[in-house]
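Structural features, examined
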Amino acid sequence: MTEAHGSTRGVFATVRLARLILAGGLLAGFIAMLSGCAATSPENFVEEPGVTVRIVRTSGDSFSGTLIGMDDGVLIVDRSVPKSSSITVVRNDGVDVVYRDDTPIGRAMEIRGVDIVVRERLAFFEIDDIRVVSKAYFGWGTAIAAVLAFLLVQVLQDM
Amino acid sequence: MTLRFGDTAGTRRVCVPAAALLVLLCAGLVACGCARRVPLTELGPSGAVVWVRMATSDGEQVTGRLVSLDAGSMVIALRHALEGDVRVRERGGDKALYSGTERLPGRFVRIDTDEGERVAVVHRAFQVVDINSATFHESGGERSLSSIVSLLLGPAIGGALAFIL
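Residues numbered from 1 in each chain as written. Chains lettered and ligands numbered in written order. Predicted model: local features only at pLDDT ≥ 70, side-chain atom pairs only at ≥ 80, totals over all residues. Heavy atoms only, no water.

Some thoughts on the overall build of chain B
Helix and strand counts for chain B stand at 3 helices and 10 strands. When the helices and strands of chain B are placed in sequence order, the string is α-β-α-β-β-β-β-β-β-β-β-β-α. Pairs at least 24 residues apart make up 49% of the contacts formed inside chain B by residues separated by at least 6 positions. For chain B, the exposed surface amounts to about 8900 Å²; the carbon and sulfur share of it is 54%. (Helix = DSSP H or I, 4+ residues; strand = E, 2+ residues; numbered from the N terminus. Contact = heavy atoms within 4.5 Å. Areas by Shrake-Rupley, 256 points an atom, 1.4 Å probe, with all protein chains shown as cover.)

Encoded structure:
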């Protein structure tokens, strides 16, 4: 009886492993095909300016932002600043200037529910390190979508 | 769903989702690590693609791939189609790109083939003080692949795991 149970478990485990390998292969093929679809000419780039960067200031603090461009030798970076009591926005000559503790930090490009997109001008001497975030295909959004899909399929299977 | 401990099916229902979520969490963490952070001064050899469209104080407009950027200079990879009188010449052991008899600015790097056309790649350096304005752009291919992957890969992995387990 025990031997029969062990044998059945072994078969189930093998089937599960085979399914796992099959699904992995299908996914790999799927992604490879998508990569081919996304392949474009080397001259192709997104018209809208913006490259994700990680910046460390000489003062020591670091943040992620979007490098938009360069103007008069100064880098222009958009970053998200959470709303708080120390952040104020004052309209001056039609421009929304963002202040942190009464110190201007940049222009408000977009005021959202929980944060403000601030456009800062950073001189090179203010920057200790700046790195471009490349090939960020996966992120928390992908992981969250995976968990949600997993739970959804589980619910559908239970119905 | 009623769970009966000791019952094989019930136990499976309790244990499998936790294990699967753990696997997904680990996969997510590993996937987050796939992104690379490349210093702006080392973009060229890294393979990371950033495009730059810039205008110099002389009024010249240039579009190319960013090779490096620091406080003093910006180096851009420019592509010139080898057609007409544009060709690579070697003089004194040094290869350079010429248009007719005039040497084009920049350091010759290599010859690529782009959609059947031969293209010369040169690296050209600009002093930051000579740059009037510049904008930085993502690679179109990388952006579209990123959207596709994040939109489809997550649900695909989650759904597949739920079916398998």
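What about the sheet that holds strand 5 (residues 86-91) of chain B?
Residue and element names in this part refer to chain B. With antiparallel pairing, the 3 strands of this open sheet are ordered in space as 5-6-7. On the outer flanks of this sheet lie strand 5 and strand 7 (102-103), each paired with one strand and no other. Bridge count between strand 6 (residues 94-99) and strand 7: 2 bridges; the pairing is antiparallel. Across the sheet, residue Ser 99 finds its bridge partner in strand 7, namely Glu 102. (Pairing = 2+ DSSP bridges.)

Some points on the pairing of strand 1 (residues 51-57) of chain A
Residue and element names in this part refer to chain A. On strand 1, burial follows the alternation: Val 51, Val 53, Ile 55 and Arg 57 on one face are buried, whereas Thr 52, Arg 54 and Val 56 on the facing-out side are not. In the sheet, strand 1 pairs with strand 2 (residues 62-71) via 6 bridges, with the strands oriented antiparallel. In the strand pairing of strand 2, Val 56 is matched with Ser 62. If you look at the hairpin formed by strand 1 and strand 2, you'll find 4 residues sitting between the two strands, and Gly 60 has a positive phi there, around 110°. Relative to strand 8 (residues 127-134), strand 1 runs antiparallel, the two being bridged by 5 bridges. Bridged to Ile 55 within strand 8 is Ile 130. (Buried < 20%, exposed > 50% of the residue type's maximum accessible area, 1.4 Å probe, protein only.)

Notes on the side chain of His 137 of chain B
Along the chain, His 137 of chain B falls in strand 10 (residues 131-138). Under the relative-accessibility criterion, His 137 of chain B is labelled buried at 1%. Within the structure, the side chain of His 137 of chain B is placed 2.8 Å from the backbone oxygen of Val 46 of chain A, a separation counted as a polar contact. Reaching out from His 137 of chain B, the side chain makes a polar contact with the backbone oxygen of Glu 47 of chain A at a distance of 3.1 Å. The contacts of His 137 of chain B, once residues within four sequence positions are left out, are Phe 45, Val 46, Glu 47, Glu 48, Pro 49, Gly 50 and Val 51 of chain A together with Val 50, Trp 51 and Arg 53 of chain B. (Polar contact = N/O pair within 3.5 Å; in protein donor to acceptor, adjacent residues only side chain to side chain.)

Quick word on the nonpolar core
Ranked by size, the top nonpolar core spans 38 residues in total, and within it Met 70 and Leu 75 of chain A together with Met 54, Leu 66, Leu 69, Met 74 and Phe 136 of chain B carry the most contacts. In this view, Met 54 of chain B contacts Glu 60, Gln 61, Val 62, Met 74, Ile 76, Phe 126, Ile 131, Ser 133 and Ala 134 of chain B; residues no more than four positions away in its chain are not counted. Counting residues in hydrophobic clusters, the runner-up holds 7 residues, among them Val 81, Val 98, Ala 108 and Val 118 of chain A. (Core = buried A, V, L, I, M, F, W, Y, C linked by side-chain atoms within 4.5 Å.)

So, the confidence of the model for chain B
Residue and element names in this part refer to chain B. Averaged over all residues, the pLDDT of chain B equals 78, while 74% of them reach at least 70. Low confidence marks residues 1-14, where pLDDT is under 50. Its contacts with residues over four positions away, or in another chain, come to 13 contacts. This complex was scored by the predictor with a pTM of 0.70 and an ipTM of 0.71. (pLDDT = per-residue confidence, 0-100.)

Side note on the environment of Ser 62 of chain A
Residue and element names in this part refer to chain A. By the secondary structure assignment, Ser 62 is in strand 2. Between the C-alpha atoms of Ser 62 and Asp 128, which are 66 residues apart in sequence, the distance is 9.5 Å. Residues within four places of Ser 62 in sequence aside, it is in contact with Arg 54, Ile 55 and Val 56. A distance of 3.2 Å separates a polar atom in the side chain of Ser 62 from a polar atom in the side chain of Arg 54.

Re the pairing of strand 8 (residues 107-114) of chain B
All names here are of chain B. Sheet topology note: the strand 8/strand 9 (residues 117-127) ladder contains 7 bridges and is antiparallel. Considered in strand 9, the bridge of Phe 108 is made with Val 122. Hairpin geometry of strand 8 and strand 9 is characterised by an intervening segment of 2 residues between the two adjacent antiparallel strands and by a positive phi of about 50° at Glu 115.

Considerations on the environment of Ile 105 of chain A
All names here are of chain A. Along the polypeptide, Ile 105 turns up in strand 6 (residues 103-111). As a C-alpha pair, Ile 105 and Ile 144 span 39 residues in sequence and 33 Å in three-dimensional space. For Ile 105, the residues in contact, after removing those within four places along its chain, are Val 81, Val 98, Arg 100, Val 118, Arg 119 and Glu 120.

A word on the packing of aromatic side chains
Under the defined criterion, the tally for this structure stands at 1 aromatic pair over all chains. Taking the ring centre of Phe 63 of chain A as reference, the NZ or CZ of Arg 79 of chain A above it sits at 3.9 Å. (Phe/Tyr/Trp six-rings, centres within 6.5 Å; stacked < 30°, edge-to-face > 60°. Lys NZ or Arg CZ within 6 Å of the ring centre and 35° of its normal.)

Thoughts on unusual backbone geometry
Residues and elements named next belong to chain A. Unusually for a residue other than glycine, Asp 72 sits at a positive phi of about 55°. When you line up the elements, Asp 72 lands in the loop between strand 2 and strand 3 (74-82). Positive phi, normally seen in glycine, also occurs at Asp 93, with a value near 55°. Relative to the helices and strands, Asp 93 resides in the loop between strand 4 (87-92) and strand 5 (95-100). Residue Asp 93 is classed as exposed on the basis of its relative accessible area, which comes to 77%.

What about the pattern of salt bridges?
Under the criterion given, the structure shown has 13 salt bridges over all chains. With a closest N to O distance of 2.7 Å, Arg 119 of chain A and Asp 78 of chain A form a salt bridge. One end of the pair, Arg 119 of chain A, is in strand 7 (residues 115-123); the other, Asp 78 of chain A, is in strand 3, with 41 residues separating them in the sequence. Given a relative accessible area of 12%, Asp 78 of chain A falls into the buried group. Ionic pairing is found between Asp 94 of chain B and Arg 103 of chain B, a salt bridge with its closest N-O pair at 3.8 Å. What makes Asp 94 of chain B partly exposed here is its relative accessible area of 41%. Judged by relative accessible area, which is 41%, Arg 103 of chain B ranks as partly exposed. (Salt bridge = Lys/Arg side-chain N within 4 Å of Asp/Glu carboxyl O.)

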